[in-house]
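Overview (structure and organization)
Take a look at the letters that make up each chain.
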Amino acid sequence: MQTFSHPIDLLRTRRSLKPVELTGPGPSPADLDTLLTIASRVPDHGKLTPWRFIVFEGDARLKAGEAIAAAFRAKYPDAKPDQVDFERQRLARAPVVIAVVSRAAPHVKIPEWEQVLSSGAAAMNLVVAAHALGYGAAWITEWYAYDRSVLDALGLAPHEKVTGFVHIGCPAQVPEDRPRPALADIVTRFR
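Below, the structure is looked at part by part. (Residues numbered from 1 in each chain as written. Predicted model: local features only at pLDDT ≥ 70, side-chain atom pairs only at ≥ 80, totals over all residues. Heavy atoms only, no water.)

A look at the packing of aromatic side chains
Remark: the centre distance and the inter-plane angle together describe each pair of aromatic rings, the angle taken between the planes. Note the threshold: Stacked, tilted and edge-to-face are the three classes applied to pairs of Phe, Tyr and Trp rings, where Trp contributes its six-membered ring and a pair requires centres within 6.5 Å; stacked means planes under 30 degrees apart, edge-to-face means over 60, and tilted covers the rest. A 1.4 Å probe rolled over the protein chains alone gives each residue an accessible area, and that area as a share of the maximum for its type sets the label: buried under 20%, exposed over 50%, partly exposed in between.
Going through the model one piece at a time under the given rule, you end up with five aromatic pairs. For the pair Trp51 and Phe53, a centre-to-centre distance of 5.8 Å together with 35° between the ring planes defines the contact as tilted. Since its relative accessible area comes to 7%, Trp51 is described here as buried. Seen from their ring centres, Trp143 and Tyr144 are 5.8 Å apart, and the 90° between their planes marks the pair as edge-to-face.

Here we look at helix 2 (residues 29-39)
Here is the rule: Strands are runs of DSSP state E lasting at least 2 residues, helices are runs of H or I lasting at least 4, and numbering of each runs from the N terminus. To obtain the arc, one takes the directions from the helix axis to the C-beta atoms.
Buried residues of helix 2: Asp31, Leu32, Leu35, Leu36 and Ala39, and no others. Down the axis, helix 2 shows its buried residues gathered within 135° of arc, on one side only. Residues Ala30 and Asp33 are exposed on helix 2 and point more than 90 degrees away from its buried face.

Things to note about the packing of helix 2 against helix 5 (residues 112-132)
As a reminder of what qualifies: What counts as an axis is a line fitted to C-alpha atoms, over the stretch in contact for a helix, and the angles between N-to-C directions run from 0 to 180 degrees. Orientation is classified from the angle alone, with under 35 degrees giving roughly parallel, over 145 giving roughly antiparallel, 65 to 115 giving roughly perpendicular, and any other angle giving oblique. Take the far helix as the reference: if the near one is turned anticlockwise from it by less than a right angle, the crossing is left-handed, and if turned clockwise, right-handed. By the convention used here, residues are in contact when the closest approach between their heavy atoms is within 4.5 Å. Under the scheme applied, nonpolar residues are Ala, Val, Leu, Ile, Met, Phe, Trp, Tyr, Cys and Pro; charged residues are Asp, Glu, Lys and Arg; polar residues are all the others, including Gly.
Between helix 2 and helix 5, the least distance of the axes is 8 Å, while the angle of their chain directions is 140°. Judged on the interaxial angle alone, helix 5 and helix 2 are oblique. Helix 5 is crossed by helix 2, and the crossing has right-handed handedness. From helix 2, Leu35, Ile38 and Ala39 reach across to helix 5, where they touch Ala122, Asn125, Leu126, Ala129 and Ala130. Here the contact of helix 2 with helix 5 is built from residues that sort into seven nonpolar, one polar and no charged.

Some points on the packing of helix 3 (residues 60-75) against helix 4 (residues 81-88)
Remark: helix 3 packs on helix 4, axes separated minimally by 7 Å, with the N-to-C direction vectors making an angle of 135°. For the element pair helix 3 / helix 4, the angle class is oblique. When you trace helix 3 past helix 4, the crossing you get is right-handed. Between helix 3 and helix 4, the residues in contact are Leu62, Gly65, Glu66, Ile68, Ala69, Phe72 and Arg73 and Gln83, Val84, Glu87 and Arg88, respectively. Among the residues making up the contact of helix 3 with helix 4, the classes are represented as five nonpolar, two polar and four charged.

Quick look at the structure:
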């Protein structure tokens, strides 16, 4: 496991990895509990808990993949078998995948936008916690995150949305950093 001399080094070295760059083993049950506990420690105006998690591991990744493959076949009836199989494997590319689900809904006091942001913060905490424990992670949404038939098959309520699928495993290699924006390009000072 990587150690960080200062907490800022943890944040400074976090990188996203492609799901196919993640190998086993995945998080142990204790590590998974830690990851989910950290993911739930985010700003949550009104204590609404406007998010939840679905864990896909083992054969459940392929079972969920069947729903993705079925939706793909329905959209593309002329798809070749290898294309359908690629879609079936979407959640099997990493040892563990955690769907962060936004439960944001209209509320008399708490803006829905703040609830959505809280769900995004939960996904980010999950990614950072995975890095802190020595795992690699990728927070992604792909077409199936927006497909209602897939969401129904995964057990999402009609008002729920996928904030992201966080793929977690061991990095197959040390990831290279990508170019980051220059602060001069993204920071202004209000005067």
